[in-house]
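# Survey of secondary and tertiary structure
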Amino acid sequence: MELDKMDENEWKYHGEGNKSLVVSHVQLSRVLRLLKYPAEDSENPPQTVEQAFRQIQNIVDFSSNVMSSLLGDNFIHSGEVVKLPLEFVRQLSIKVQHQRPAWRCDKVMDIYSGCALCLPNLTSPILHQPTHTPPLCIEIKPKCGFLPSSKHVSRDIKTKVCRFCMHQHYKVANGKWKRRSLYCPLDLFSGNRQRMHFTIRHLIEEPQNNFKIFKGGQCIYSSKEGIDDSMDLSSLLHHLRPYFLYGNNRINCHMSSKAVFNDFIQVLVNALLSGGGGDGGVVTDRRGEGRSFCEASHFSKERIRHGSQGLPSDSVLFRTLQTQMLDTLDIEGLHPLYRRVEQHLQEFPKERTRLQIDGPYNEAFLEKLQKCPNEDDGSVEYAAAKVHQYRVSMTAKDCSIMVALVPSGEEEEDDEGQTHLRDFISSRTPAFSYSVSILDLDPKPFESIPRQLRLDQKIVSYYLKSGGSLP
Ligand code: ATP
Ligand code: MG
Ligand code: ZN
Ligand code: MG
């Protein structure tokens, strides 16, 4: 990829979130992640080229120096900042515009700075040959997987019903989504296979922005509010079926749709419980499950047939949950500490640098949040360290997990391209090799904390008012 000879015809729309738009290369396993900003600012960009460059460099540093040591560097690809020709970026923005979902078009792509983040394309991890079955990638945005236990929590409901489940009522009331999702993050993070299976089914039924499936790098299933009407369950089934024909099924091709989904979810659960790419870990976190059951979850506790399995300590879910749990005080306990830092900065603006409020996100930043004392000594350093921890936890509550599944029966072909059926018949579950990554690890701004408090209050009071406590 030569940066001075970029051709927009070699790039296509891949996806977007609230903060960035992603395009993928048509041949290389590469994506470019470009910043977005509110459409009303489209005439005058909100930041200079230098600021845009710094912002993306901060994302790289935060991901590689802070998040990767907390989440495990085997899961993380931090990428690098690139400077693109402006003409290329302008052409690209015109080219992708009509493919963008309408509900995302309140923001526009940054066409002024030419800065972007270049990353490996995690949805097409290997350059698969056309003769081989393309890899399947599942993206899950799991959100917060625990209930707060901080003494600062003022409403009892927050210790019983998880934030995601409460937020669903608020989002539907505000027209963000048409239907509530019955997914509950506490079930996903439970490590109990039944609960995980149950809740992934709900992710499939109502994906919102928490679930996507890619085949050969192409998004084949996502929120129904997306671009395409063809993304319904029957078309998903059509895509998945060939991956789950094995044993006798591969020969006579009879397999119920329920069985296809069951096998798909089982493979996904296996990957989520495995370590960085190898076998499942031996050490499990057995305290996990008892600690967290959400009263709004539609999974009935009575259905748990097997005891608590807990999360293997090297699994992506365990590492993500541990990092989320750096939020020890809850926003209600954190906000006064935020105020302490803010007041200190009003008096001594130069302290912003020493306290590393906007970075740099280096070893020293990581050390500040890891060596934070348990007790509040009244200092601004303590308050800043707790704010740092909270911001890191916010990132871990907002990241996505990408599971790439590559059918491994593929290597079984001999020189004539004959598949050895023996290998399929002997195994009960289809064989996949998988790799797991975590993406979207941007630092959350210091200034976003007051907004978090207001949002928390709105969600909780709406939930109580609307009688949402009845599932
Ligand atoms: P959010 O609103 O969740 O904060 P965001 O604006 O920060 O999202 P990302 O989540 O990083 O943006 O990217 C948007 C989407 O682009 C992702 O959900 C994912 O589908 C896709 N994507 C991002 N990075 C990659 C990558 N390295 N490889 C493949 N796909 C990617
Ligand atoms: Mg995202
Ligand atoms: Zn819940
Ligand atoms: Mg993000």
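Shown above is the structure to which this text applies.
A brief structural summary. Only a predicted model underlies this, so the values are computations on that prediction, with no experimental measurement involved.

## So, the pattern of salt bridges
Per the counting criterion, the structure on display carries 26 salt bridges. Of the charged contacts, one joins Arg 100 and Glu 16 as a salt bridge, the two residues approaching to 2.8 Å between their closest N and O atoms. Highlighted residues: Arg 100 in the loop between helix H2 (86-97) and strand S5 (107-109) and Glu 16 in strand S1 (residues 11-16), separated in sequence by 84 residues. One exposure class covers both Arg 100 and Glu 16, and it is buried. Between Asp 187 and Arg 195 there is a salt bridge whose closest N-O contact spans 2.6 Å. Each of Lys 158, Arg 163, Asp 330, Glu 332 and Asp 456 takes part in a single network of salt bridges with overlapping partners.

## Side note on unusual backbone geometry
Cis geometry is adopted by the peptide bond preceding Pro 360, which originates at Gly 359 and carries an omega value of 0°. Turning to its location among the elements, Pro 360 is positioned in the loop between helix H12 (351-354) and helix H13 (363-370). One non-glycine residue, Asp 330, lies in positive phi territory at about 70°. If you trace the backbone, Asp 330 turns up in helix H11 (residues 330-347). Even without glycine at this site, Gln 356 takes up a positive phi of about 55°. Mapped onto the elements, Gln 356 comes out in the loop between H12 and H13.

## Things to note about the coordination of the zinc ion (ligand 3)
Bound to the zinc ion (ligand 3) on the protein side are Cys 162 (SG), Cys 165 (SG), Cys 184 (SG) and Cys 294 (SG), at distances that span 2.3 to 2.4 Å. With 4 donor atoms in place around the zinc ion (ligand 3) and angles of 104 to 113° between them, the coordination shape is tetrahedral. Read in sequence order, the donor residues coordinating the zinc ion (ligand 3) give the pattern C-x2-C-x18-C-x109-C. Here Cys 165, found in helix H3 (residues 163-173), pairs with Cys 184, found in the loop between H3 and helix H4 (185-188); they are 19 residues apart in sequence, far enough to count as distant. Cys 184 gets classed as buried once you look at its relative accessible area, which sits at 1%.

## Observations concerning the packing of aromatic side chains
Summed over the entire model, instances satisfying the criterion amount to 11 aromatic pairs. Considering the side-chain rings of Phe 164 and Tyr 183, the 5.1 Å spacing of their centres and the 80° angle between planes classify their relative orientation as edge-to-face. Pair noted here: Phe 164 is in helix H3 and Tyr 183 is in the loop between H3 and H4, with a separation of 19 residues, a long-range link. Across the pair, exposure class does not vary: Phe 164 and Tyr 183 are buried alike. Relative to Phe 299, the ring of Phe 198 has its centre 5.2 Å away and its plane inclined at 80°; by these criteria the two rings are edge-to-face. With Phe 198 in helix H5 (residues 193-205) and Phe 299 in the loop between helix H9 (288-291) and strand S11 (311-312), this residue pair connects regions lying 101 residues apart in the sequence. Look at Phe 299 and you get buried, because its relative accessible area is 2%. Among the aromatic residues, those joined into a ring-pair cluster are Phe 62, Tyr 361 and Phe 365.

Definitions and limits used
- Residues numbered from 1 in each chain as written.
- Chains lettered and ligands numbered in written order.
- Predicted model: local features only at pLDDT ≥ 70, side-chain atom pairs only at ≥ 80, totals over all residues.
- Heavy atoms only, no water.
- Salt bridge = Lys/Arg side-chain N within 4 Å of Asp/Glu carboxyl O.
- Helix = DSSP H or I, 4+ residues; strand = E, 2+ residues; numbered from the N terminus.
- Buried < 20%, exposed > 50% of the residue type's maximum accessible area, 1.4 Å probe, protein only.
- Donors = N, O, S within 2.8 Å, 3.2 Å for Na, K, Ca; no water.
- Tetrahedral: all angles 85-135°; square planar, octahedral: opposite > 155°, others 65-115°.
- Phe/Tyr/Trp six-rings, centres within 6.5 Å; stacked < 30°, edge-to-face > 60°.

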